[in-house]
Amino acid sequence: MTEPVLQVHDLSVVFQTFEGRYNALNNIDVTINESEIVGLVGESGCGKSTLALAVMGLLPRPHAKVPSGSITFRGTNLLSYTEKEMEKVRGTDISMIFQEPLTSLDPLFTIGDQLSETIRIKLQRTGENVRWNAGKVRAEVVNWMKRVDLADPESAMERYPHEFSGGMRQRVMIAMALAAEPRLMLADEPTSALDVTTQVQILRLVKSLVSEVKASVLFISHDLAVVAQIADKVAVMYAGMIVEEASVNEIFENPLHPYTQALLNSFPKEKEVKKSRLESIPGSVPNLTHIPTGCPFHPRCGFAKEICPSAKPELRETSAGHKVACVLYDQP
Amino acid sequence: MAVGISFIVTSIAVVIFGNSLVPYDPTQVNMMATFQAPSLQHFFGTDNLGRDVFSRCVVASPVDAEIGFSIVLISVFIGTFLGSCSGYIGGKVDETFMRITDVFIAIPTLVLAVVVAVALGPGIEHVIEANLVGWWPVYARLARAGALSLKESQFIESAKVAGISRYKIILKHIIPNNFSPILVYATLDIGNAILYASVLSYLGLGAQPPQAEWGRMVYDGQVYLVNAWWISIIPGLVIFAVALAFNLLGDALRDAFDPRYRK
Amino acid sequence: MVRPRGLVGFIARRIVLSVGVLFGVIFITFFISRVAIPDPARVWAGPRASAAAIAALTVRFHLADPIFVQFYYYLVDLLHGDWSVSPSSGQPVFTSIANYLPATVELTIAAIILTALIGIPLGVLAATNKDKAADHVCRLVSLSGVASPPFLAALLLQLIFFYYLKVFPDSGGRISLAVTPPPYVTGLYTVDSLIAGDWPAFVSAVQHLILPSFALAFLILGLMSRLVRASMLEALTSDYVRTLKAKGLSRRLVIYKHALRNSMTQPVTALSLYVAYTLGGSVVIESIFSWPGVGRYAAQAAQSFDLPAVMGTTIVFTLGVVFANLAADILLAVIDPRIRLR
């Protein structure tokens, strides 16, 4: 088995704010292998975006601190990188797309300009002299716009973000993220702001492009249904902790953790894809400044035992490739 | 914040009690003691007529204080009322009102004040009136903005449903709720008003001699700048200090009202 | 890249609005000149005018007629360049102002350029070093500028640079007495001397320009740097900056290519404010530096309670502000493509 593209080990992230100190991530382990699409699912506020930002080195300083853990990317611990070194990694080795494409694109520059920025960075880093290559850059921009199914690239290039629809803007974001052919792409809720039909198109696009480019993806979403369409492996997150991890089929056919099961129960059985209504789980997501002791899910768990408030369960492998963090599955 | 407050408290004390506390008679001409540099005897030195500059500054303070506060206070009243009404009523009334304020704001405030002051003639009341013309539109705009956002809120809706008259709503609900941004701006503005008043008197339009007035003192002392800089520079510094204090106070008030800093 | 589409229509709409504002301003000046004061003819004729002169003016201004008629003739006079004669100088107001205008234009432009050159970097510095030393320095400078009476900075500058350090030239005015002004093209000595290739004149003009324009710039420096700072802070925490960083763009490019341009909206919108404050300040500062501009003309007129002259100045200055507003709108449309749709 080849070395994983990304190996997050025992990562913790703490935020210090006006409201207090809160633990966004608690001893997280995540592994992403080559050409693998890993889905990260959880309700908003559970820390999923924090994980992505931590990998990119974009955590808001000085609020965020990383007290423990490592993020290994192609053999090096990214946490040991200086800002300048991280700059070189971003965009070309690891890229990221975000939820709201209107505010995520600079409104004052044409999308052609913004795409060529990425292309130029890629060319610079592979040693080419960009100044002589304006034609080459332009050709690549047009090429990528075609690859993300943007109609009439030549004239679209001269337009500004606000002149496009949400779906088209997201395609631009995807093009920007993949044009440099990174090893890893982080996608933070990229379809959550889009309508259902566009969602499906974008997911298909991402899946095909990513396999063409041979990149791995960390796909973050609160919507299990969306993740199901694209991911190979799924990790379920709750209150800063990974509670279950398995292949996408395993998660759906054999969910082990009570939280995963609850998520699936609120997932409508109909063919039509809807956003999972998570209010059907009694109780509410804990405020990350006051995470319940022991297992964070125990106040809402239908299977809670006496030991749950005091013992924080470890993520253990129950069968091949299937991990759970719950006392229910701990062998004595 | 502390600096601003203590300074203002001291200033207020000076304004109220100043006239009786001055070490020298500000109108006392003393040709034997002209052009004395600042010293322990004369904190701010003496001017070309031997008058104690410090005493003159102190005595001048009620004048500028009165002008500054009057301008701001009256502008707040007029502007807030008109602006709130306009914003609340909306429609054509509001649009016309906006155009009117646009026109006033287009004229540089200082120049407008000068024009009106020249038209009205010398005197303190005229200085106040002259500045008012250019001052009120800003508060009108502020009040209008607040009224616009409050208009849609829940409790205004219920007041309307309850049948309370328009003007009562404006007076009892809209205006009081819009209070803090206007207060913050007004505090900053008092410093501004004093600045403008001093410029007008520098140009000879405000208080007339022998009444001491900071701006006027600067003008009179200009001629002696090279040899006796204190005659004109020090009153200028006094104006600066007062304006600065109000600015600091206004800034502190704004921070205090900023929701981000509330626990 | 600037797209002409939509830009022309946008400008046309703004011009129409400006004309409306101007009309309103003219009405106000009319109101102050003829309606609000008790005896307009006397004031206009001047304190030393004869009864015959006053009577003649009463007829000319149609003071006996209804207000609309008066306003009509006022408008006509104004547009014909007949802005009355200044009682204190004896010269027609319009001619005097026309003569003095280039000097003030030069000073104002210089002041605003200076403000931008100092204010924008200051604001950027403050934003990128939030709550650190540079930020506090910026705040101090902006506060001092805002709280300063215009004569203070001017007098202090004169004292320090003129008299004590002797860095800047001896005489007041726009150019050294020993140097001949360049031939008239724009009326701006700096520009004209460059056009004529007259280097000594250029140097002298610049030397004389620096202190007064700095005194003026000081007044609005604080405003501009505060606006830049606030906009920069907002830009730096925005979503698109996050994307730019994720793209691997260098910090320098993120700040100066993207964030800075996005921060320019508010500072540019305030252009008419800068011009308004500068023109107002010029009344004092031109006097102190003996700069032969409209501001000094107005100051002298004010001291003599000369209403026609001050009124003429008001109209010209307001024109300047309206013009600056228009310029700001055009600039904004160039910077921000979203605005062209409005």
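Here's what I pulled together on the structure shown here. (Residues numbered from 1 in each chain as written. Chains lettered and ligands numbered in written order. Predicted model: local features only at pLDDT ≥ 70, side-chain atom pairs only at ≥ 80, totals over all residues.)

Some remarks on the overall build of chain C
Here is step 1 of the chain: What chain C contains, in helices and strands, is 15 helices and zero strands.
Here is step 2 of the chain: Reported as C-alpha extents along the three principal axes, the dimensions of chain C are approximately 80 × 55 × 40 Å.
Here is step 3 of the chain: Counting all 342 residues of chain C, 48% fall into the buried class.
Here is step 4 of the chain: Considering only intrachain contacts with a sequence separation of at least 6, the fraction spanning at least 24 residues in chain C is 69%. (Helix = DSSP H or I, 4+ residues; strand = E, 2+ residues; numbered from the N terminus. Buried ≥ 20, exposed ≤ 12 C-beta atoms within 10 Å, placed from the backbone. Contact = placed C-beta atoms within 7 Å.)

Quick look at the arrangement of the chains
Here is step 1 of the chain: For the two pairs of chains in contact, the largest share of contacts goes to chains B and C.
Here is step 2 of the chain: Of all C-alpha pairs spanning chain A and chain B, none lies closer than 8 Å, and the two are not in contact.

A look at the nonpolar core
Here is step 1 of the chain: Judged by nonpolar contacts, the single largest core of 271 residues is most densely connected at Phe219 of chain A together with Val114 of chain B.
Here is step 2 of the chain: Tallying contributions element by element places helix α9 (residues 199-236) of chain C first for this core, with 18 residues.
Here is step 3 of the chain: Filtering out sequence-adjacent residues up to four positions away, valine 114 of chain B remains in contact with Leu200, Leu203 and Leu205 of chain B together with Val283, Ala298, Ala302 and Val310 of chain C. (Core = buried A, V, L, I, M, F, W, Y, C linked by C-beta atoms within 7 Å.)

Some remarks on the packing of helix α4 (residues 109-120) of chain B against helix α15 (residues 307-335) of chain C
Here is step 1 of the chain: Here α4 of chain B crosses α15 of chain C at 160°, and the two axes come no closer than 9 Å. On the basis of the axis angle, α4 of chain B is roughly antiparallel to α15 of chain C. Crossing handedness for the pair α4 of chain B and α15 of chain C: left-handed. Each of Val111, Leu112, Val114, Val115, Val118 and Ala119 of chain B in α4 of chain B lies in contact with α15 of chain C, whose residues at this interface are Leu307, Val310, Met311, Thr313, Thr314 and Phe317 of chain C.
Here is step 2 of the chain: Among the residues forming the contact of α4 of chain B with α15 of chain C, the class breakdown is 10 nonpolar, two polar and no charged. (Axes fitted to C-alpha atoms, helices over the stretch in contact; angles between N-to-C directions. Parallel < 35°, antiparallel > 145°, perpendicular 65-115°, else oblique. Left-handed = near helix turned anticlockwise from the far one by under 90°. Nonpolar A, V, L, I, M, F, W, Y, C, P; charged D, E, K, R; others polar.)

A look at helix α11 (residues 251-262) of chain C
Residues and elements named next belong to chain C.
Here is step 1 of the chain: For α11, built from 12 residues, the straight-helix expectation of 16 Å at 1.5 Å per residue is met to within 8% by its first-to-last C-alpha distance of 15 Å.
Here is step 2 of the chain: Every buried residue of α11 is accounted for by Val254, Ile255, His258, Ala259 and Asn262. Here the buried residues of α11 occupy an arc of 135° about the axis, which is enough to place them on one side. Counted as exposed and oriented over 90 degrees from the buried face of α11: Arg252 and Tyr256.
Here is step 3 of the chain: Buried-residue contacts for α11 involve α5 (93-128), α9 and α10 (239-246). (Expected span 1.5 Å × (residues − 1). Arc of directions from axis to C-beta.)

Considering the sheet that holds strand β8 (residues 216-221) of chain A
Sheets are built from strands paired through backbone hydrogen bonds, the pairs being either parallel or antiparallel.
All names here are of chain A.
Here is step 1 of the chain: Here we have eight strands laid out as an open sheet, ordered β6-β7-β8-β3-β9-β10-β12-β11, and mixed in their pairing. Strand pairing shows two members of the sheet lacking a second neighbour, β6 (94-97) and β11 (316-319), which therefore form its edges. Within this sheet the neighbouring strands show an average axis-to-axis angle of 20°, counted without direction.
Here is step 2 of the chain: The sheet contact formed by strand β10 (residues 241-247) and strand β12 (residues 322-324) spans two bridges and is antiparallel. (Pairing = 2+ DSSP bridges.)

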